[in-house]
Amino acid sequence: MNFELDLVELAVVETVEKLAREVIQPRAQHYDETETFCAESLQALAELGGMSINLPEEYGGLGIGSLAMSRVVEAVAGACASTASALTAHFLATDSILIGGTEAQKQHWLPRAASGELLGAFALTEPAAGSNPADMRCRAHREEGGWRVRGSKHYITNAREAGFIVLYAKTDADAGHKGISAFMIPQGTAGISFSSPEKTMGLRGSTIYELALDCWLPDSALLGSEGAGFNTAMAVLDRGRVEVAAMSLGIANAALQASLNWVRERQIGPKPLAAYQGTQWRLADMYAQLEAARMLTWKAAARRDSGERFSLDSATAKLVAAECAGFVTDAALQLHGGYGYIRDLPLERYVRDARILRIFEGTSEVQKIIISRNLLDAQR
Ligand SMILES: Cc1cc2nc3c(=O)[nH]c(=O)nc-3n(C[C@H](O)[C@H](O)[C@H](O)COP(=O)(O)OP(=O)(O)OC[C@H]3O[C@@H](n4cnc5c(N)ncnc54)[C@H](O)[C@@H]3O)c2cc1C
């Protein structure tokens, strides 16, 4: 497999890496402590085309491949995981249009989302339907000239800040997952109320909301065709899992780099912490897991670009990378001792931010279900 980037992709990755170091990372602690939405960091990314890296050029995207995209997401997450979360939620929304929308809908929505003028949100999860979205209760009924939507969604990233929400709802309650359709909801649509932002363990510079819906949408709001929503959402999540894996690499790498600096400086008795074999073994374990996760993530990204099926690869990468981020951030905090537990350093934030990676866009258990289903199907 070829993991090389072309010159344009390399320039994009290096530009975002610089932005991440100089603009995004310095704001991360402030967003976390004040629980402020990471608007300025997203704006800075938008100015460089960063909101469009998942889209082809014909819709205002940069037209870069998934491998370059993973490297961009890794750089942003290493600087500020909250910004990476808001960004990748935006990609879930624009991917929904790219995969499920009509040509007219793509032309209408994607260029403005690509430029950063419109932030997107992806609304699938409900209080009673998380791991199994087919259980969703949100309903869309046909009415004269449009749809009446009633129900609720929760934990929706960017929902209140978004210029549009891609909403998944049941249009046929008796058809199981085949009765799910997707709808475009522009900001300001009457009949939608938002909770206050949820109080979260990590990603405190990114916001999630509960939505209560009793709204009317025109016919043109139906994304693509009726009943196609479930397949769209699953295809979107296959892509999104590569991005969550890349986020995991970013947070884990930041924790590893902080640890390498720390163990060289920290004196324990007569020598630096780095000189103890126990430390070296711990660092080696952190590095080995991170590299293994990186190879799986890059493999999934390369497969995503090849046009072949990549659900097995993206689920495997997401599972391994998210678990790796948990292990590496915890090990990094341990190497810092009490200093790691104090909020002056970002170690405890890395631990808190990494925890969600094993939960959203399919928990680790759900990834295992996808992986084993793929393996068993391949034997038939
Ligand atoms: C910070 C944050 C951001 C989010 N952003 C979004 C967003 O933008 N859009 C959106 O739609 N959703 C979003 N979510 C929701 C997220 O995707 C769900 O929380 C996640 O899919 C898990 O669903 P759940 O919380 O209902 O857990 P549940 O489905 O109730 O799972 C509970 C436990 O049961 C396990 N489990 C479930 N099924 C099985 C099974 N078959 N076998 C064994 N174990 C099983 C799970 O692995 C988990 O451990 C977000 C959540 C958070 C916390």
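Up top you'll find the structure we're talking about.
Residues numbered from 1 in each chain as written. Predicted model: local features only at pLDDT ≥ 70, side-chain atom pairs only at ≥ 80, totals over all residues. Heavy atoms only, no water.

Caption draft 1: Molecular detail of the overall build of the protein chain. In terms of regular secondary structure, the protein chain is built from eleven helices and ten strands. Since a compact globule built from 380 residues should have a radius of gyration of about 21 Å, the 21 Å found for the protein chain is in line with a globular shape. For the protein chain, the spread of C-alpha atoms along the three principal axes comes to 80 × 50 × 40 Å. Among the 380 residues that make up the protein chain, the fraction classed as buried is 55%. In the protein chain, 74% of the contacts between residues at least 6 apart in sequence involve partners at least 24 apart. Here the protein chain has roughly 16,600 Å² of accessible surface; of this, 51% comes from carbon and sulfur atoms. Between the centroid of the 37 positive side chains of the protein chain and the centroid of its 45 negative side chains there is a distance of 5 Å. (Helix = DSSP H or I, 4+ residues; strand = E, 2+ residues; numbered from the N terminus. Rg over C-alpha atoms; globule rule 2.2 N^0.38 Å. Buried < 20%, exposed > 50% of the residue type's maximum accessible area, 1.4 Å probe, protein only. Contact = heavy atoms within 4.5 Å. Areas by Shrake-Rupley, 256 points an atom, 1.4 Å probe, with all protein chains shown as cover. Lys, Arg positive; Asp, Glu negative; His and termini not counted. Charge placed at Lys NZ, Arg CZ, Asp CG, Glu CD.)

Caption draft 2: Just the packing of helix α7 (residues 277-306) against helix α8 (residues 311-336), in detail. Between α7 and α8, the least distance of the axes is 9 Å, while the angle of their chain directions is 155°. With respect to α8, the axis of α7 lies roughly antiparallel. Judged by the twist between their axes, the crossing of α7 over α8 is left-handed. When its residues are assigned to classes, the contact of α7 with α8 shows 15 nonpolar, six polar and five charged. (Axes fitted to C-alpha atoms, helices over the stretch in contact; angles between N-to-C directions. Parallel < 35°, antiparallel > 145°, perpendicular 65-115°, else oblique. Left-handed = near helix turned anticlockwise from the far one by under 90°. Nonpolar A, V, L, I, M, F, W, Y, C, P; charged D, E, K, R; others polar.)

Caption draft 3: The arrangement of the pattern of salt bridges in detail. Tallied over the entire structure, the rule returns 19 salt bridges. The partner of Lys18 in a salt bridge is Glu22, with the nearest N and O atoms 3.3 Å apart. Remark: Glu22 and Lys18 occur in helix α1 (residues 7-34); sequence separation between them is four residues, near one turn of the helix. The partner of Arg294 in a salt bridge is Glu74, and the shortest N-O contact between them spans 2.8 Å. A residue pair is termed long-range when its members are at least 10 positions apart, and Arg294 in helix α7 and Glu74 in helix α3 (residues 66-79) qualify at 220 residues. For the pair Arg294 and Glu74, one class covers both residues: buried. (Salt bridge = Lys/Arg side-chain N within 4 Å of Asp/Glu carboxyl O.)

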